[in-house]
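So you can see what is in the structure, the chains are spelled out below.
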Amino acid sequence: MIPSGDYIRILPEIVLSIFGMLVMVIDPLLGENDDRKSIGVVSAIGALLALGATFIMAGHPGEAFYNILRVDDFAVFFHVVVILIALACILMSFEYLKVQEIRQGEYYGLILFGTVGMCLMSSAIELVMLFVAIEISSISTYILAGFRRRAAESAESSLKYFLLGSFATAFFLYGIALMYGATGSTNVDVIGASLRQGTPVMAYLAIALMLVGLGFKVAAAPFQVWTPDVYEGAPAPVVALMSTGPKAAAFAVLLRVLFGTAAPGWFWAIWIAAALSMTIGNFGALVQTNVKRMLAYSSIAHAGYLLVAFIAIRSMEQGVSAAMFYTAAYAAMNVGAFAVVSHFASAGEKYVSIEDYAGLGRRSPVLAAVFTVFLLSLIGIPITGGFFAKFYVFRAAISSSLVWLTVIGLVNSAIGSYYYLRLLVMMYMKEPQSDESVPSVPFAAGFAMAGCVVATLYLGVFPNRVLQFAIESARTLVH
Amino acid sequence: MNAASLNPMILTLVTFLPALGAVLLMLFPRRARDIRWFALGISIATFVLSLHLPWHFVNGHPGFQFQVDHQWITTPNIHYHIGVDGISLWLVVLTTFLTPFCVLISWKSVNDRVKEFFILLLLLETAMIGVFIALDLFLFYFFWEATLIPMALIIGMFGHERRIYAAVKFFLYTMIASVFMLIAIIWLYAHTGSFDFVVIQGMLASGKLVIPAHVAQWLFLGFFIAFAVKVPLFPLHTWLPDAHVEAPAAGSVLLAGVLLKMGTYGLLRFNLGLFPELARRNAPWIIVLAIIGIIYGALVAMVQPNFKKLIAYSSVSHLGFVVLGIFSFTQAGLNGAMFIMLSHGVTTGALFLLAGMLYERRHTYDIKEYGGIATPMPIYASFFLLITLASIGLPLLNGFIGEYLVLTGSFQAKALWGILAASGVIWSACYMLWFYQRVFYGEVKHEINNTLADVNVRERTCLWPLAAMALIMGVLPMVWLRPVEPAISRVLAFSTAQAQSAAPSTMSNVNAAAPVAAPVAAAVPTHTEQENGR
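In this text the structure is predicted, and so the values were computed from the model without any measurement.

1. Quick look at the overall build of chain A
For chain A, the count of helices and strands is 21 helices and two strands. For a compact globule of 479 residues, the expected C-alpha radius of gyration is about 23 Å, and chain A comes in at 21 Å, within 12% of that figure. With the principal axes as the frame, chain A shows a C-alpha extent of 70 × 55 × 40 Å. Within chain A, buried positions represent 62% of all 479 residues.

2. Overview of the overall build of chain B
Scanning chain B from terminus to terminus reveals 22 helices and two strands. At 22 Å, chain B has a C-alpha radius of gyration in line with the 24 Å of a compact globule built from 534 residues. Taken along the three principal axes of its C-alpha coordinates, chain B extends 70 × 55 × 45 Å. Of all 534 residues assigned to chain B, the portion counted as buried reaches 60%. Across chain B, every contact between residues at least 6 apart in sequence was considered, and the portion connecting residues at least 24 apart equals 81%.

3. Topic: the confidence of the model for chain B
All names here are of chain B. Here chain B shows a mean pLDDT of 83. Residues at 70 or above account for 92%. Within the model, pLDDT remains below 50 along residues 504-534, and this stretch shows 34 contacts once partners closer than five positions in the same chain are excluded. Here the prediction assigns the complex a pTM of 0.85, and the interface score ipTM is 0.79.

4. Description of the pairing of strand E1 (residues 65-73) of chain B
All names here are of chain B. As judged from the six bridges shared by E1 and strand E2 (residues 78-84), these two strands associate in the antiparallel manner. Counted as the bridge partner of His 70 is Tyr 80 from E2. Between E1 and the antiparallel strand that follows it, E2, lie four residues.

5. Topic: the nonpolar core
Counting 410 residues, the largest nonpolar core has A:Ala88, A:Phe325, A:Tyr326, A:Ala339, A:Val393, B:Leu121 and B:Val253 as the members making the most contacts within it. If near-sequence neighbours (up to four positions away) are discounted, A:Tyr326 is found in contact with A:Tyr305, A:Leu306, A:Ala309, A:Ala389 and A:Val393.

6. Considering the interface of chain A and chain B
Between chain A and chain B, the residue contacts involve 23 residues of the former and 26 residues of the latter. Among the elements that take part in the side of chain A that touches chain B, helix H19 (residues 403-429) of chain A stands out by supplying 11 residues, more than any other.

7. Some thoughts on unusual backbone geometry
The step from B:Val231 to B:Pro232 runs through a cis peptide bond, and the omega angle for that step is -10 degrees. Tracing the chain through its elements places B:Pro232 in the loop between helix H10 (213-230) and helix H11 (239-246). B:Phe234 connects to B:Pro235 through a cis peptide bond whose omega is 0 degrees. Residue placement: B:Pro235 occurs in the loop between H10 and H11. Of note, A:Tyr66 is a non-glycine position whose phi angle comes to about 50 degrees, a positive value. Summarising the element assignment, A:Tyr66 is placed in the loop between strand E1 (62-64) and strand E2 (69-71).

8. Thoughts on the environment of A:Ala208
Checked against the element boundaries, A:Ala208 lands in helix H9 (residues 201-217). Overall, the presence of 17 C-beta atoms within 10 Å leaves A:Ala208 in the partly exposed class.

9. Considerations on helix H13 (residues 267-286) of chain A
An ideal rise of 1.5 Å per residue puts 28 Å on 20 residues; H13(A) measures up with 29 Å between its terminal C-alpha atoms. Buried-residue contacts for H13(A) involve H9, helix H14 (291-310) and H19 of chain A.

10. As for helix H18 (residues 385-399) of chain A
Residue and element names in this part refer to chain A. The end-to-end C-alpha separation of H18 is 21 Å, in line with the 21 Å expected for 15 residues at 1.5 Å each. Counted residue by residue, H18 has 14 buried out of 15 residues, so it is predominantly covered. At the exit of H18 stands Ser 401, carrying a positive phi of roughly 60 degrees.

11. A short note on the packing of helix H14 (residues 307-327) of chain B against helix H18 (residues 415-440) of chain B
All names here are of chain B. Across the interface, H14 lies against H18 with an axial gap of 11 Å and an inter-helix angle of 160 degrees. One way to sum up the angle between H14 and H18 is to call them roughly antiparallel. As for the relative orientation of H14 and H18, their crossing is left-handed in sense. Between H14 and H18, the contacting residues are Phe 307, Leu 310, Ser 314, Ser 317, Phe 321 and Leu 324 on the first element and Trp 417, Ala 421, Gly 424, Ser 428, Tyr 431, Phe 435 and Val 439 on the second.

12. Examining the packing of H14(A) against helix H15 (residues 316-345) of chain A
All names here are of chain A. For the pair H14 and H15, the least separation of the axes is 9 Å and the interaxial angle reads 170 degrees. The angle between H14 and H15 places the two elements in the roughly antiparallel class. Every residue of H15 that contacts H14 at Val 291, Lys 292, Leu 295, Ser 299, His 302, Tyr 305, Leu 306, Ala 309 and Phe 310 is listed here: Gly 319, Ala 322, Ala 323, Tyr 326, Tyr 330, Asn 334, Ala 337 and Val 341. Tallied by class, residues from the contact of H14 with H15 come to 12 nonpolar, four polar and one charged.

13. Things to note about the environment of A:Ala44
All names here are of chain A. As for its position among the elements, Ala 44 is in helix H3 (residues 37-58). Note: C-alpha distance between Ala 44 and Leu 112 (68 residues apart in sequence) is 9.3 Å. Discounting chain neighbours no more than four positions away, the residues touching Ala 44 are Leu 87, Ile 90 and Leu 91.

14. With respect to the confidence of the model for chain A
Summing up the model confidence of chain A, the mean pLDDT is 87 and the portion of residues at 70 or higher is 99%. At the low end of the mean pLDDT range in chain A sits helix H16 (residues 360-363) of chain A, at 83; at the high end sits helix H5 (residues 106-123) of chain A, at 92.

15. Some details on the environment of B:Leu354
All names here are of chain B. You can see Leu 354 is positioned in helix H15 (residues 331-362). C-beta crowding within 10 Å serves as the criterion here: with 25 such atoms nearby, Leu 354 is assigned to the buried category. Spatially, the C-alpha atom of Leu 354 lies 36 Å from that of Leu 416, the residues being 62 residues apart in sequence.

Procedures and definitions
- Residues numbered from 1 in each chain as written.
- Chains lettered and ligands numbered in written order.
- Predicted model: local features only at pLDDT ≥ 70, side-chain atom pairs only at ≥ 80, totals over all residues.
- Helix = DSSP H or I, 4+ residues; strand = E, 2+ residues; numbered from the N terminus.
- Rg over C-alpha atoms; globule rule 2.2 N^0.38 Å.
- Buried ≥ 20, exposed ≤ 12 C-beta atoms within 10 Å, placed from the backbone.
- Contact = placed C-beta atoms within 7 Å.
- pLDDT = per-residue confidence, 0-100.
- Pairing = 2+ DSSP bridges.
- Core = buried A, V, L, I, M, F, W, Y, C linked by C-beta atoms within 7 Å.
- Expected span 1.5 Å × (residues − 1).
- Axes fitted to C-alpha atoms, helices over the stretch in contact; angles between N-to-C directions.
- Parallel < 35°, antiparallel > 145°, perpendicular 65-115°, else oblique.
- Left-handed = near helix turned anticlockwise from the far one by under 90°.
- Nonpolar A, V, L, I, M, F, W, Y, C, P; charged D, E, K, R; others polar.

See below:
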């Protein structure tokens, strides 16, 4: 008999699933050519309710369903981040779907189901459950990536993401199997206890395979090759989602698995992955002419900065909390940046090259100013969340004497500022190439952008509360 | 109302009034004319407010005054800790003093995107003041980076032909260099648990924090690179001529007048304040770079066909004197360095204003395009002559005092340095006077120059205060030096104490520290020497 308290511990997931199904039910009732905005509104309400449910869930910490889930501050943190990301993506999709003439209501349903997967990823402590959660989130995003089905690149994006993604999950599954063989359990706590007793060689192999799988999900080098193509072809709001949501969730999994099991032998693996991701991401982004591709490389670089926090082993609390803060800040700025890109792209995603942004500061000063906030945050300029995110990560690194990695990281971020700067230069210092006026931002998308601006600045000026929360939840995680 | 009751909040007011003005500007006025007047009003109000600082400054007190210390962020332990001492006092006032002129010089020359321009200018002012008053390393870095964006945008949006190249170069140079400072700051925090400059200095002085020698050298270099790029010290100066030439007049004034001083201020405050012993050990090669800068800057200035570039290279030369003075570790040298920072701010600021005025009329900086300008523009020519002489260092004008003190100080430290640096004084006379002759004297070579109008009322309003200041500073240097001296003595005393306490522990640096330590003692009576020198 499952105690009824257990259901409260998956309340956000239940709410999201119900609304996801509701969306599927309402969709056929609407006419073939009707706007799907009403469905969007329903799913936005669903996301808001799920957010409320998260707070109810937060009041009932503990394990659920025979130890396969654990609700703690750590899980709550990622629930909030992931649901907010989903909400912002839903809001910016209203306009996008209309402009691109996409009339499938499943779109919103898939976002909601994907969010369920991401939420579960952050609370699962059972490797098999984790695998299921990852699959729920991944399959939704595979389909979402191909939603501009009339565009060849969208199909390419979806197929590439699917093929490589399934390889990666297979690796992850192999890892789970080997870990079970090595320790006789798939529960993170039990594995941790058993690994502390002694580490069989098989466990190293298991961790390595799991790192491959998760490395793919977070787009860390050397498993990053898919990213630019997939981001380029997928619909812009979907890229906003998949560059932040599943990534945040995958980082949550990494944190839980690596720190929860005190997994062996990952220090140098992550060291190299971090250094490679930062370098490949930044240098790759330098030569891009397409904004979406550029942001794809930039997201690889940011995954690299984030990984630095993982190996701050001498100050694990700092490292974990820095990583958590980074995911939140990165979500705010990157979702915001893609909200601008998705609005500006217009029908058929026509305007996505950097040249198209010439003179945006004149054509639409407010949109340009909003984009500027996100770009400055991505560079890591003070008073934006991006600055504190980098700051906390590198502080944790220096506390653990990772001076070389810090130097690599910060030099990288200085080099990286060049390509964001190129966009700023385009917007403010070049003359507009066309007289076509930029359409004004509709309410929902504007709301999403405003929310991201507020979040980015809030994290940049008053980082305290979020960081405190992260530190407390880190404490429960690393014991 | 008792004016002294303002003391606790005056610094915050002075710092954030321009930013507040920028926000209001964003929201309210629409017409270009209103925007200009509003910006002028705000910048003048800031200047008037900032006069409260020297007025209520306690002269004999070497420590920080008007301090405010609030916790801003708990983890990490970041404080809103601000305050001024003799070193930063006048730099704050210099910033607020120059900004109204920047508004005035941009009155006509900025016609497009007026609102954006003045918003950026006011934000820049806040950030620059913030750099000088921040006593929390984090806050300092925050303001330091915050100057970068408005300045890069001012150059990139309102500059001349190659503005984008110049703006990007400026941004990247500064950004990459300041990253090393950030690493050093984070290291200090990780090992002290505090960003507070005063706290960290106290821990170093009391021996609570002992930085291993090899780490300390890297930390020193981390700070040094960030500041050296800003100064700019040879060979990191290449961004400067580009930025200056392409920037609009107001941008050049602030760049030369204030932004470069952020570098020398940083060297003085942080490199000497936190790593005095290393500063002494590294002094020889830094001084060599400074002297190369002095001579190289002057020689390159001489052959420039573009007069804005000429002034830019002259800045490289003058700032070389400042660095030389700082690393001479003598009271006279450091006083002189402080004085050059101020006087260079006034004279070079004025030179760039004058350059901007000529550019507004002819739209070229090419010296060949001029000649005989004194005939159509006699008043302009007289102002230019006065400022030129001040820049060369004619006695009774402000340039002289600083250069004299620095040369005295460097002679005390090592005669060779003084001799080499002194040649810079001669070079500066060469390039400035030759330049003056080519532009102002002789026949009017180009017909169009006969029609140039002399300075109008608005321009005269800019020039009179600066010209008067050049003279006053030259005649009454002690007014400026009096608050500076105790703070400088404190820096020196701290560095001497640190060097002595460190000397027995590390045998290798006894030789390095000893020769410079001796003249320090000799430098104590410099107070009277200066009076005689005048």
